[in-house]
Amino acid sequence: MRESKQPQSTRGPLRITVPSRADGFLRQFTAVIGGPLGRHSDPGRVNPGFFTVERVLILMTIAASLLMLLAKNPCRVNGWGGSNPYIYACYSDWVPLFGARGFAENPWVPFSAQAQFEYPVLMSVVASAVAWLVPEGAANRSLIYFDMNLVLVAILWIVTVVCTLRMGGRRPWDAAMVAIAPGIILAGSVNWDLWAVALLALGMLSFARRHTVLAGILIGLGTAMKIYPFFVLGAVLVIAVRTGKLKPFWVTGGTAALTWILVNLPYALAYPDSFKHFFAFSSERGAGFSSFWHVWNLLAEKSEALQPFNAQQMSFWDLVLFFLCCTGIAVLGLVAKRTPRLGSLAFLIVASFVMVNKVYSPQFIVWLIPLFALALPRWREFVVWMLVEVAHFYGLWFYLDSLGAEDIHKVFPETGYIVLVLAHMLMLGYLMYLVARSVLDPRRDPIRAVGQEDPLAGPFAGAPDAFTLRGLKPSAPQHAEHAANAPAPEAKA
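A brief structural summary. (Residues numbered from 1 in each chain as written. Predicted model: local features only at pLDDT ≥ 70, side-chain atom pairs only at ≥ 80, totals over all residues. Heavy atoms only, no water.)

1. A few points about the environment of Gly-254
1) Next: Following the sequence through the fold, Gly-254 ends up in helix 14 (residues 247-270).
2) Next: Sequence separation between Gly-254 and Gly-216 is 38 residues; the distance between their C-alpha atoms is 7.2 Å. (Helix = DSSP H or I, 4+ residues; strand = E, 2+ residues; numbered from the N terminus.)

Here it is in structure tokens:
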């Protein structure tokens, strides 16, 4: 054993995985630049000069942020009034909320008695803080408000990309999926969701580096922005049960819960009615566009055989279906031959929530893209997914524009909208299937294919199984199995 370990202790950094060499789909497109990187190259152990992987990805994200600005520019030039946001697919919540919710008159309007701002507390803080920075005497204050939010979102996007890169282990280039994702280019500026995305990415990176308290704080702050970062703790719980190491879960989860309480409690005590509004709004709202429930209700209007669901029924079935999904994911994690990776379980949980929720807003795609890059970084599937999502994105806005159209020649067919909604849900379901398959068969896992275990395992790294559902007894020590099955570092790059 000493002879096998000695080379690893002196050889320095491992090679990093090169996409043009490791990904068959990307390899097809390298002919114009001379083909894939040669087998005698030494990426990761040769100084690349200024253009490190991280700097290249930051430059790619900046370029993509400019494309985000370009995508919204028709509304910046022509205004967000009338049908412009739908015709040009440049809608953003920031501008209408700035005027309709009273930010133009009082930047801190959510923090007042009887305020009705339908977002969590920390997101209200962000919305108010940016509004407070808008000069009062400016000519077009709503445009300034939009531009300031866009700049902050671009910064958060870069933070998310850097965190994804640093969580990738030997596969830092997987973060390119996040850096150039068309889904983020189009939907990242619809709302403030990238704040929660960046906080979760920072939290997962902290957990990977065994800073469990810091991870809990960041996840708690992300949950105070959007609820979905909280669900990642379910993935931590599954691995904690499997390895018998419950302390990391209790520390991270407890800190996250305490952080959420400390952020929300002052607001709840000072303005209880305003605090309750978000929860009441979430419970009482009907089916959101692009959700399965909205499609079902549209079909129910045309068929007596189907019964539409009201808001209360959808809220109930949301919880039931999400609970069943989480139970299935937990079973999956406990029956797998090897401890599942945290990124895989996190993607499955969040994707399940998006699939069954009565609201499937277009910006929810920005939740999923970083988690997909950590769960199943395969470019063919990613490109197909993005093509489907782009088609759905434009189809949604064209459909909304046609709802009030009088000219039947300009109406986007409802059937086309339904097909696009089902297509983007089926595509997400297919990705969930592929991730679940990689959990059951680690040979299909791109992360493990390069000779590494879970880069996000943090305090669970190297821990053998203590409890599984494979015969209800611990399986063989994983470190021995991994050592036997893992390819040599020099053989795979």
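2. Topic: unusual backbone geometry
1) Next: Phi is positive for Arg-210, close to 70 degrees, though the residue is something other than glycine.
2) Next: With respect to the helices and strands, the residue Arg-210 is situated in the loop between helix 11 (193-208) and helix 12 (212-225).

3. Describing helix 16 (residues 292-302)
1) Next: Restricting attention to buried positions, one finds in helix 16 the residues Trp-293, His-294, Val-295, Asn-297, Leu-298 and Ala-300.
2) Next: Contact partners of the buried residues in helix 16: helix 17 (311-335), helix 18 (342-356), helix 20 (379-402) and helix 21 (414-440). (Buried < 20%, exposed > 50% of the residue type's maximum accessible area, 1.4 Å probe, protein only. Contact = heavy atoms within 4.5 Å.)

4. Quick look at the state of the cysteines
1) Next: Under the definition given, this model contains one disulfide.
2) Next: The disulfide partner of Cys-75 is Cys-90, and the gap between their sulfur atoms is 1.8 Å. Disulfide Cys-75-Cys-90: torsion about the S-S bond near 60 degrees, hence right-handed. Pair noted here: Cys-75 is in helix 4 (residues 53-78) and Cys-90 is in the loop between helix 5 (84-87) and helix 6 (94-100), with a separation of 15 residues, a long-range link.
3) Next: Judged by its relative accessible area of 0%, Cys-75 falls in the buried class.
4) Next: Note on Cys-90: relative accessible area 0%, which makes it buried.
5) Next: No disulfide involves Cys-325; its sulfur sits 6.9 Å from the nearest other cysteine sulfur, which is in Cys-326. (Disulfide = S-S within 2.5 Å.)

5. Focus on the packing of aromatic side chains
1) Next: Applying the stated criterion across every chain, the model contains 44 aromatic pairs.
2) Next: Taken together, a centroid distance of 6.4 Å and an interplanar angle of 25 degrees make the contact between Phe-103 and Tyr-145 stacked. Placement of Phe-103 in the loop between helix 6 and helix 7 (121-133) and of Tyr-145 in helix 8 (residues 141-166) is noted, with a sequence separation of 42 residues between them. When sorted by exposure, Phe-103 lands in the same class as Tyr-145, which is buried.
3) Next: Between the aromatic rings of Trp-296 and Phe-309, the centroid separation amounts to 5.9 Å while the plane-to-plane angle is 55 degrees, which identifies the pairing as tilted. Here Phe-309 lies in the loop between helix 16 and helix 17 and Trp-296 lies in helix 16, a separation of 13 residues in the sequence.
4) Next: Classification of Trp-296 as partly exposed rests on a relative accessible area of 25%.
5) Next: These aromatic residues form a ring-pair network of at least three members: Trp-80, Trp-94, Phe-98, Phe-103, Phe-117, Tyr-119, Tyr-145, Phe-146 and Trp-192. (Phe/Tyr/Trp six-rings, centres within 6.5 Å; stacked < 30°, edge-to-face > 60°.)

6. A short note on the nonpolar core
1) Next: Core analysis: the biggest nonpolar cluster contains 130 residues, and Trp-192, Phe-347 and Trp-385 have the highest contact counts within it.
2) Next: Among the elements that make up this core, the one with the highest residue count is helix 21 (twelve residues).
3) Next: Beyond its immediate chain neighbours, meaning those up to four positions away, Trp-385 contacts Ile-365, Leu-368, Ile-369, Phe-372, Met-427 and Leu-431. (Core = buried A, V, L, I, M, F, W, Y, C linked by side-chain atoms within 4.5 Å.)

7. Digging into helix 17
1) Next: The end-to-end C-alpha distance of helix 17, which contains 25 residues, comes to 36 Å, matching closely the 36 Å that a straight helix rising 1.5 Å per residue would cover.
2) Next: Among the residues making up helix 17, those that are buried are Ala-311, Met-314, Ser-315, Asp-318, Phe-322, Ile-329, Leu-332, Gly-333 and Leu-334.
3) Next: Those residues of helix 17 that are buried lie in contact with helix 13 (232-243), helix 15 (272-284), helix 16, helix 18 and helix 21.
4) Next: One side-chain oxygen of the residue at the start of helix 17 lies 3.2 Å from the amide nitrogen of Gln-312, identifying that residue as Asn-310. (Expected span 1.5 Å × (residues − 1). Polar contact = N/O pair within 3.5 Å; in protein donor to acceptor, adjacent residues only side chain to side chain.)

8. As for the packing of helix 11 against helix 12
1) Next: One can describe the packing of helix 11 onto helix 12 by two numbers: an axis separation of 8 Å at closest approach and a directional angle of 165 degrees. In terms of their interaxial angle, helix 11 and helix 12 are classed as roughly antiparallel. In this structure, helix 11 crosses over helix 12, and the sense of that crossing is left-handed. Contact residues: Trp-195, Ala-196, Leu-199, Leu-200, Leu-202, Gly-203, Ser-206 and Phe-207 in helix 11; Thr-212, Leu-214, Ala-215, Leu-218, Ile-219, Leu-221, Gly-222 and Met-225 in helix 12.
2) Next: Among the residues making up the contact of helix 11 with helix 12, the classes are represented as twelve nonpolar, four polar and no charged. (Axes fitted to C-alpha atoms, helices over the stretch in contact; angles between N-to-C directions. Parallel < 35°, antiparallel > 145°, perpendicular 65-115°, else oblique. Left-handed = near helix turned anticlockwise from the far one by under 90°. Nonpolar A, V, L, I, M, F, W, Y, C, P; charged D, E, K, R; others polar.)

9. Digging into the pattern of salt bridges
1) Next: As enumerated under the stated definition, the model contains 13 salt bridges in all.
2) Next: In this structure, the salt-bridge partner of Lys-226 is Asp-193, at a minimum N-O distance of 3.8 Å. Taken together, the residues span a long stretch of sequence, with Lys-226 in the loop between helix 12 and helix 13 and Asp-193 in helix 11 at a distance of 33 residues. (Salt bridge = Lys/Arg side-chain N within 4 Å of Asp/Glu carboxyl O.)

Scope: geometric values only; no functional claims are made or implied.
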